[in-house]
Amino acid sequence: MRYFQILKVAYKALGRNKMRSSLTMLGIIIGVAAVIAMLGIGEGAKKMVNSQIASLGDNLLNIFPGSFMSGGMRAGAGTRTSLTEEDAKAIKEKCPAVLRISPVVRTGAQVVAGNLNWGTSIEGYSTDFPLIRSWPLASGTFFTEQDVKGATKVCILGKTVVDNLFAGQDPIGEIIRIKKLPFRVIGVLSSKGQNAFGRDQDDMIVVPYTTAQKKIAGITYINSIIASAVDRTKIDLATKQVTDLLRQRHRILPGQDDDFTVRSQLDIATAAGSTSKIMTILLAAIASISLIVGGIGIMNIMLVSVTERTREIGIRMAVGARGKDILTQFLIESIVLSLIGGIVGILLGVLTSKAISVILRWPIFISVLAIALSFFFSGFVGVFFGFYPARKASNLDPIEALRYE
Amino acid sequence: MDKLISTDHLVKIYKLGDYEIQALRGINLSIEKGEFVAIMGPSGSGKSTLMHILGCLDRPTKGKYFLEEKDISSLDRNSLAGIRNQKIGFVFQSFNLLSRTTALENVELPLLYNSSYSKEKTEKAKKALSMVGLEGRENHYPNKLSGGQQQRVAIARALVNDPAIILADEPTGNLDSITSMEVMEIFQSLNNNGITIILITHEKDIAAYAKRNITFRDGKIVRDEIIPVPKKAKDELLSLPPVENEEEI
Ligand SMILES: Nc1ncnc2c1ncn2[C@@H]1O[C@H](COP(=O)(O)OP(=O)(O)OP(=O)(O)O)[C@@H](O)[C@H]1O
Ligand SMILES: [Mg+2]
């Protein structure tokens, strides 16, 4: 029996009960649509996290005070002050795998310009900030080595700060007050938007770290250090050199825990990547359950169909259909049912994803792989759940089947 | 003459729990090519059971069945299906057509399971339909056809694969007497063209169209006689008043 003929028979049989066929397909449609949308959301999140992390500068190293336990908990109280400006300078001099370095001094402050004010984050860096973070200026200039040495009161504004204090007008040359002290605006940073965790990266003001330490925060230590390795392949080497140097400088005996932590951007990317992977797997697993429920629906309807068409099966057997022919016919029917459901489900899934991305402004990425996968998976559901009913049909006794009323 | 069917002590036992029904108790039968056999006998005497075994729908409990000299009592399900497709055409009392499927498609059905599947299957099916006088009704659905016409579609379906035997189990059981006569006329003309026919009937009138009558009782053949001059359905139809013959509207 040719496949075209079987397809025709399948199409007719399904067309005979349009309502029933569509309701059966609905299970698969919803399942596939859910899988597509979930994979799309997960994949989109992964892409977003990755691109944001890459935008931080991908050979970036972060050096924090205190040591991190494996679970991410900071160990030991009072270790927040363990990093100093001298540590940063020593790293720059003695670690050949480190190209650039900047201390980080971070504090929050209320900022006033004219009659507008805005609470934001004040971040002190060295002159290498734009290169380490691959974060160019939108306009103006960055501060110089002189500004760092003299702890001058100059600042570079993030885009959000400009929007809030200057309503988008050019702020360069203007004076703003940070903790009542006057600062001259010399530059504006280009916009980076939200980071992977939803924080607005443009809501900050960059000043020389010396200024941040002495004039704003009033501290002598630094909050952390950022550094860049000479290239991507040297990240691990740079991490080791920094660790060895700081252990030596902090007089940490062998066997004792570090009082600092070196994290590469790669580590963070991997961690974020695995988190979003787990999310994707979880979401897809939940969606697959609905696909399985859809499959059970197909099995149920196919069993009903086999019972209803027992006499037809008997007639076909009487004129020479072998068990194999009957099996193929019912299997094809359930595959057709599930594949049509799959195709409609893919369309619905893509549309739903688009709607979600527009309404919730969540990035959605639908890969060809996800579509191909859902298509084949729905076909597989058809085979898997159609097999038992088809087999039951093919094993019917011809005489019994012919007698069936 | 060539031997078409021969059975050696066929026994069929149905088991219902620990209760046994002996449907056939040792049938020795021999049928040659070109015969037209009518099988008669009271209800429950085992006629249909024999027919199912001869038609390869069922297997005997004991004994042997040779079709065209080949022992087929021990073949598996698939081989039996192949034989049903190639050598046997069934006609049932209740027609057994697929509903919501046109006359033509019903007739094409055996060709779908034909391993030597030919492109001319529509042609073959049309020819079979015209042999039973149904040209022009190809696209009619069974529920739009009269009982006699439905049975003729079933006969066309039985014919379409050029079978060695046509097995008919009470083919006229659901038809009125004139329509029965018409169906018997078709059988007679097919038989004249060389097709072997085995027909089960309760009616002596119908058996009188066959060339040989076999009578069953309690799973055994009790009588087997040759009818020297069978009735001719065609002549009888011609002698009827013309109005009553108008079955098609
Ligand atoms: N599947 C079955 N299971 C159990 N018993 C059966 C089965 N089929 C037939 N029988 C029994 O076998 C015997 C012969 O049945 P069969 O159908 O061959 O009779 P028949 O001569 O065709 O009768 P009728 O003229 O009523 O059609 C009967 O007693 C019947 O009850
Ligand atoms: Mg019977």
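A. Geometry of the overall build of chain B. Of regular secondary structure, chain B possesses eight helices and ten strands. Its C-alpha atoms give chain B a radius of gyration of 18 Å, near enough to 18 Å, the size a compact globule of 249 residues would have. Each principal axis of the C-alpha distribution contributes one length, and for chain B these read about 50 × 40 × 40 Å. With 249 residues in all, chain B has 54% of them scored as buried. Of the contacts formed within chain B by residues at least 6 apart in sequence, a portion of 70% connects residues at least 24 apart. Surface accessibility of chain B: about 11,500 Å² in total, with carbon and sulfur atoms responsible for 48%. Of the side-chain charges in chain B, 32 are positive and 34 negative, and the distance between the mean point of each set is 5 Å.

B. Inspection of the overall build of chain A at higher detail. Summing up its helical and strand segments, chain A has 13 helices and twelve strands in all. The principal-axis extent of the C-alpha atoms belonging to chain A is close to 105 × 55 × 35 Å. A total of 405 residues make up chain A; the buried ones form 48% of that total. Sequence-distant contacts in chain A: of pairs separated by 6 or more residues, those separated by 24 or more amount to 77%. If the 45 positive side-chain charges of chain A are averaged to one point and the 30 negative ones to another, these points end up 5 Å apart.

C. Geometry of the interface of chain B and chain A. Facing 23 residues of chain B, the contacting portion of chain A comprises 26 residues. Across the interface of chain B and chain A, roughly 2,300 Å² is buried in total on both sides, 55% from carbon and sulfur atoms. Here chain B is connected to chain A by one salt bridge. Taking the shortest distance from any N to any O, the salt bridge between Glu-105 of chain B and Lys-12 of chain A comes out at 2.9 Å. Applying the counting rule to chain B against chain A returns eight residue pairs in polar contact (both at pLDDT 80 or more). Mapped by element, the contributors of at least two residues to the side of chain B that touches chain A are helix H2 (77-87), strand S6 (88-92) and helix H3 (103-112) of chain B. The element contributing the most residues to the side of chain B that touches chain A is H2 of chain B, with five residues. Within the side of chain B that touches chain A, the residues separate by chemical class into eleven nonpolar, five polar and seven charged.

D. How the structure looks around the pattern of salt bridges. Residue and element names in this part refer to chain A. This model, assessed by the stated rule, comprises 22 salt bridges over all chains. With its nearest N and O atoms 3.4 Å apart, the salt bridge here joins Glu-123 to Arg-106. Of this pair, Glu-123 sits in strand S5 (residues 116-125) while Arg-106 is found in strand S4 (residues 98-113), placing the two residues 17 residues apart along the sequence. With a relative accessible area of 4%, Glu-123 lands in the buried category.

E. Quick look at the sheet that holds strand S2 (residues 19-32) of chain B. Residues and elements named next belong to chain B. On the basis of which strands lie adjacent, the open sheet formed by four strands has the order S2-S1-S4-S5 and antiparallel pairing. Bordering the open sheet on either side are S2 and strand S5 (70-71), each of which pairs with just one other strand. The pairing of strand S1 (residues 3-16) with strand S4 (residues 62-67) spans five bridges and is antiparallel. Directly across from Val-11, in S4, lies its bridge partner Lys-62. On the sheet, helix H1 (residues 47-54) packs against S1, S2 and S4 and is oriented at approximately 120° with respect to S1.

F. Inspection of the packing of helix H10 (residues 310-318) of chain A against helix H11 (residues 323-359) of chain A at higher detail. All names here are of chain A. One can describe the packing of H10 onto H11 by two numbers: an axis separation of 10 Å at closest approach and a directional angle of 140°. The orientation of H10 relative to H11 falls into the category oblique. Where H10 crosses over H11, the two elements pack in a sense that is right-handed. When H10 is examined against H11, the residues Glu-312, Ile-313, Arg-316 and Met-317 are found in contact with a partner set consisting of Ile-326, Gln-329 and Phe-330. Of the residues contributing to the contact of H10 with H11, the split by class is four nonpolar, one polar and two charged.

G. Looking closely at the site of ligand 1. Lining the immediate surroundings of ligand 1 are 16 residues, of which Ser-43, Gly-44, Lys-47, Ser-48 and Thr-49 of chain B lie closest. Chains contributing residues near ligand 1 are chains A and B. One nitrogen or oxygen atom from the side chain of Ser-43 of chain B is found 2.4 Å from an oxygen atom belonging to ligand 1. One of the backbone nitrogen or oxygen atoms of Gly-46 of chain B is found 3.1 Å away from an oxygen atom of ligand 1. For ligand 1, whose unbound accessible area comes to 630 Å², protein coverage reaches 72%. Contributions of two or more residues to the shell around ligand 1 are made by helix H13 (398-403) of chain A together with S1, S2 and H1 of chain B. Among the elements that make up the shell around ligand 1, the one with the highest residue count is H1 of chain B (three residues).

H. A look at the sheet that holds S6 of chain B. Residues and elements named next belong to chain B. Ordered in space as S6-S7-S8-S3-S9-S10, the six strands form an open sheet in which the pairing is mixed. Every interior strand has two partners, whereas the edge strands, S6 and strand S10 (220-226), have only one. Within the sheet, the average angular offset between the axes of one strand and its neighbour, ignoring direction, is 15°. Strand direction decides the pairing type here: strand S3 (residues 36-40) and strand S9 (residues 212-217), joined by four bridges, are parallel. Bridge pairing in S9 links Met-40 to Thr-215.

I. Representation of the pairing of strand S9 (residues 181-189) of chain A. Residue and element names in this part refer to chain A. Pairing analysis gives three bridges linking strand S6 (residues 137-140) to S9, with the strands arranged antiparallel. What sits directly across from Leu-137, in S9, is Leu-189. Pairing of strand S7 (residues 154-157) with S9 involves four bridges; the strand directions are parallel. Looking at S9, one finds that Ile-156 is bridged to Gly-187. The loop that links strand S8 (residues 175-178) with its antiparallel partner S9 comprises two residues; one of these, Lys-179, has a positive phi angle of about 50°.

J. Just the nonpolar core, in detail. In this structure, Ile-5, Leu-50, Tyr-65 and Ile-165 of chain B are the most contacted members of the largest nonpolar core, which totals 67 residues. If one sorts the elements of this core by residue count, H11 of chain A sits on top with eight residues. Non-local contacts of Ile-165 of chain B, meaning those with residues more than four positions away in its chain, are made with Leu-4, Ile-5, Leu-67, Lys-87, Ile-88, Gly-89, Thr-196 and Ile-198 of chain B. Of all hydrophobic cores here, the second largest spans 60 residues; its members include Val-98, Tyr-125, Cys-155 and Ala-212 of chain A.

K. Unusual backbone geometry, seen in detail. Its identity is not glycine, yet Lys-179 of chain A carries a phi of approximately 50°, on the positive side. Looking at where Lys-179 of chain A falls in the secondary structure, it is placed in the loop between S8 and S9. We note that Asp-218 of chain B has phi near 50°; this positive angle belongs to a residue other than glycine. Along the chain, the position of Asp-218 of chain B falls in the loop between S9 and S10.

What counts and what doesn't
- Residues numbered from 1 in each chain as written.
- Chains lettered and ligands numbered in written order.
- Predicted model: local features only at pLDDT ≥ 70, side-chain atom pairs only at ≥ 80, totals over all residues.
- Heavy atoms only, no water.
- Helix = DSSP H or I, 4+ residues; strand = E, 2+ residues; numbered from the N terminus.
- Rg over C-alpha atoms; globule rule 2.2 N^0.38 Å.
- Buried < 20%, exposed > 50% of the residue type's maximum accessible area, 1.4 Å probe, protein only.
- Contact = heavy atoms within 4.5 Å.
- Areas by Shrake-Rupley, 256 points an atom, 1.4 Å probe, with all protein chains shown as cover.
- Lys, Arg positive; Asp, Glu negative; His and termini not counted.
- Charge placed at Lys NZ, Arg CZ, Asp CG, Glu CD.
- Buried area = accessible area lost by both parts, 1.4 Å probe.
- Salt bridge = Lys/Arg side-chain N within 4 Å of Asp/Glu carboxyl O.
- Polar contact = N/O pair within 3.5 Å; in protein donor to acceptor, adjacent residues only side chain to side chain.
- Nonpolar A, V, L, I, M, F, W, Y, C, P; charged D, E, K, R; others polar.
- Pairing = 2+ DSSP bridges.
- Axes fitted to C-alpha atoms, helices over the stretch in contact; angles between N-to-C directions.
- Parallel < 35°, antiparallel > 145°, perpendicular 65-115°, else oblique.
- Left-handed = near helix turned anticlockwise from the far one by under 90°.
- Near = heavy atom within 4 Å.
- Core = buried A, V, L, I, M, F, W, Y, C linked by side-chain atoms within 4.5 Å.

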